[in-house]
Each structure stands twice: as C-alpha cells, then as structure tokens.
Amino acid sequence: MCLIALAFQVFDDCPVAVAANREEYFDRPADPPALRRAGTMPVVCGQDLRAGGTWLGVNGRGVLVAVTNRWFVESPPEPRSRGSLAMELLACATARQAAELAHRELATGRYAGVNYVCLDAASGHVVSFTGLMEVRGNVEQIDLRPGLHLLTNGPLNDASDFRQRYFRSLLADRSCDDTTEFSAVTQAILRTGPDESQQHTIIVRDDHRGTVSSSIVLLPRNLQQSRWWYAPEAPDRVDYQDRSAILVALLTGKA
C-alpha cells in the first residue's frame, strides 16, 4: 500500500506539489533519491535494488512519475516490473507523453495492477491497469483537473478508502494556503500513526511490510526553488532529509 497526495495546479507559483508515503516489504532493499539516467534523460529518483526500477522520480524536463500498486487485481503469470516501466516513463519529455506510453504499455496486459502518476506544469494524468477480469476494461486514464487528488491502491480520489478519508480530515483542520504550509502540513500528516480508536492511521506497519520511506516534492515555476524532502524510513521514526540541491541541479541543467 502507498499513499500519494497530488496538489496539481493548486498554487500559482508551484503547479506540481506531491507528498507520498511508500509502503513495501521491510526486507526489500532500496536506495534513496539520487541522480540517475532513464535512457539518455537525467533523473532524480529512488531505486528498488531488487527489480531495478523506481517508485517516484523527476526528470530533467520537470516530469514527475510516481507509482502505486493496485490491490485485488488479477495479474499475468510473469508480470513485468512496474518500477521498470516507471523508469521508461521518466525518459519522456512531457507528462502527456509519459501517460500515452503508460497507456500503451498497460494495454499489453504484461503488468500486475498499478496506478501511474504523470505530472508536469502543463498537465497531470493517472493511468491505471485495473485488472484482466474487470468488466469496465483493463486500462483507465484520468486527466487531472486542478486541485488536491489522493491515490492509494485503488481508484483516484476513492471515497471508500479509509486512509484517503483520514488524510482529508486531517488536512481540513489545517491551513494550507501556500507551498510552505503544504510542506509542513503534509509532513505532519504523513507521520500520523493510529489514533486512539486504532481505526485510523496514515502510517501502516505489520510484521513484514509497511511504510518504508516518505517524500515531499515541489516543482515550482522558479526552478531554483524546487524542493525534495526525503525520509529514508517511516517518517514517524526519522526526520526528513533535504535533498533539494540535487533536484535543483537536475532541473537547472547543472547535474
């Protein structure tokens, strides 16, 4: 399970603002965001050391790609790595091109259930493989309108998802009028563990898997003000690290 909050074209000076917790098996190794290559395209992304792909990255053209798995979806016998496709999407020059590639690839039926987020300043898209057996079809693409969107392991802005509802309830109690407040508020929310009733939580954790890292990414119109805060473990246990310098270098052509 993963959770991604997308503030798309909400802030005039920052069209892309993303806050995300990654959930995975605790024994699955990964490297933190660093400068890498997607084909010939320079990117900053984390890297899954088992399959070699990524769960969240930004390329040198300002395209952000993120991934969540989908639950309860029939998979092909030998599915292709979803993180590897994410790297291929990061090689695209625009978010729209990345979404088109995701749509073509998912239509092949070679992947397990997945949601791909493709964002840049001009457009935002969520492309999903919804399962081989679903009546409504295999691949769904949603072109985002400006606003706050939430994604976990089902449909975008899923009112039945308990974490999405909890996230929105926590956000409703806080002011979030600019990117400074967005960063502070979402960091606090992404650190939230179970409440007193044990019925609501943002952080998830069991014996084998749970929240393993967290990111806040801002892609403003002034590229020098781009930001990436990264927690290398669950953010209720470690502080966020500022990895903005490498993102700024990427987006200003100095990486």
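Summarised in this report is the structure supplied together with it.

Quick notes on the rules
- Residues numbered from 1 in each chain as written.
- Predicted model: local features only at pLDDT ≥ 70, side-chain atom pairs only at ≥ 80, totals over all residues.
- Heavy atoms only, no water.
- Pairing = 2+ DSSP bridges.
- Helix = DSSP H or I, 4+ residues; strand = E, 2+ residues; numbered from the N terminus.
- Axes fitted to C-alpha atoms, helices over the stretch in contact; angles between N-to-C directions.
- Left-handed = near helix turned anticlockwise from the far one by under 90°.
- Contact = heavy atoms within 4.5 Å.
- Nonpolar A, V, L, I, M, F, W, Y, C, P; charged D, E, K, R; others polar.
- Expected span 1.5 Å × (residues − 1).
- Buried < 20%, exposed > 50% of the residue type's maximum accessible area, 1.4 Å probe, protein only.
- Arc of directions from axis to C-beta.
- 1 Å grid on protein atoms, 1.4 Å probe; cavity = no way out; pocket = protein on both sides within 12 Å on 5 of 7 lines; lining within 4 Å.
- Points joined across faces, edges and corners; volume = space filled by probe spheres on them.
- Patch = residues over 30% accessible without salt bridge, like charges linked within 9 Å, V, L, I, M, F, W, Y side chains within 5 Å.
- Areas by Shrake-Rupley, 256 points an atom, 1.4 Å probe, with all protein chains shown as cover.
- Salt bridge = Lys/Arg side-chain N within 4 Å of Asp/Glu carboxyl O.
- Lys, Arg positive; Asp, Glu negative; His and termini not counted.
- Charge placed at Lys NZ, Arg CZ, Asp CG, Glu CD.
- Phe/Tyr/Trp six-rings, centres within 6.5 Å; stacked < 30°, edge-to-face > 60°.
- Lys NZ or Arg CZ within 6 Å of the ring centre and 35° of its normal.

Within the open sheet, the 7 strands sit side by side as 3-4-5-6-7-8-9. Their pairing is antiparallel. Both outer strands of the open sheet, strand 3 (30-38) and strand 9 (139-143), are each paired with one neighbouring strand and no more. For this sheet the average axis-to-axis angle between neighbouring strands, irrespective of direction, equals 15°. Bridge analysis of strand 8 (residues 124-129) against strand 9 gives 5 bridges, and the strand direction is antiparallel.

Our next topic: the packing of helix 1 (residues 82-89) against helix 2 (residues 95-106). It is at 9 Å that the axes of helix 1 and helix 2 come closest, and there the two elements cross at 145°. The two elements helix 1 and helix 2 cross, and the hand of that crossing is right-handed. Along the contact surface, helix 1 presents L85, E88 and L89, while helix 2 presents A98, L101, A102, E105 and L106. Here the residues of the contact of helix 1 with helix 2 sort into 6 nonpolar, no polar and 2 charged.

What follows deals with helix 2. The end-to-end C-alpha distance of helix 2 is 16 Å, a good match for the 16 Å that 12 residues give at a rise of 1.5 Å each. Among the residues making up helix 2, those that are buried are A95, A98, A99, L101, A102, E105 and L106. For helix 2, the arc enclosing every buried residue in end-on projection is 160°, short of the 170-degree limit, so these residues lie on one face. In this structure, the buried side of helix 2 is in contact with helix 1, strand 7 (114-119), strand 8 and strand 9.

By volume, the largest pocket amounts to about 470 Å³. Lining of the largest pocket is provided by 25 residues; of these, E24, R28, N69, R82 and G83 occupy positions nearest its centre. When residues of the lining of the largest pocket are traced back to their parent elements, those giving at least two are strand 2 (14-25), strand 6 (64-69) and helix 1. Here the lining of the largest pocket gets 4 residues from one element, more than from any other, and that element is strand 2. The residue inventory of the lining of the largest pocket, partitioned by class, reads 9 nonpolar, 7 polar and 9 charged. Looking at the lining of the second largest pocket, the elements that each hand over two or more residues are strand 2, strand 3 and strand 11 (209-219). Broken down by class, the residue content of the lining of the second largest pocket amounts to 9 nonpolar, 2 polar and 7 charged.

Before going further, it helps to spend a moment on the sheet that holds strand 13 (residues 241-242). The antiparallel open sheet is built from 6 strands, whose spatial order is 10-1-2-11-12-13. Looking at the sheet topology across the chains shown, the edges are occupied by strand 10 (147-151) and strand 13. On top of the sheet, helix 4 (residues 179-190) reaches strand 1 (3-11), strand 2, strand 11 and strand 12 (227-231); it is set at about 180° to strand 11, its chief contact.

Judged by side-chain charge, D12, D13, D177 and D178 come together as a negatively charged surface patch. Assignment of secondary structure puts D177 in the loop between helix 3 (162-172) and helix 4. Classification of D177 by relative accessible area gives exposed; the value is 64%.

What follows covers the packing of aromatic side chains. Per the stated rule, a full pass over the model turns up 1 aromatic pair. Ring centres of F11 and F182 lie 5.9 Å apart, and the angle between their planes is 70°; this geometry places the pair in the edge-to-face category. Separated by 171 residues along the polypeptide, F11 in strand 1 and F182 in helix 4 bring together distant segments of the chain. Of the two residues, F11 and F182, neither departs from the other in class, the shared state being buried. Over the face of the ring belonging to W55 we find R22, whose NZ or CZ atom lies 3.9 Å from the ring centre.

It is worth spelling out the environment of W55 at this point. As for its position among the elements, W55 is in the loop between strand 4 (41-48) and strand 5 (56-59). Once residues within four sequence positions are removed from consideration, W55 is found in contact with R22, A30, D31, G46, Q47, D48, V65, A66, V67, S213 and Y230.

Turning our attention to the environment of A17. Among the structural elements, A17 can be located in strand 2. On the accessibility criterion, A17 (1% relative accessible area) is buried. Separated by 201 residues in sequence, A17 and L218 have C-alpha atoms that sit 4.5 Å apart.

In short, shape yes, function no, at least from these values alone.
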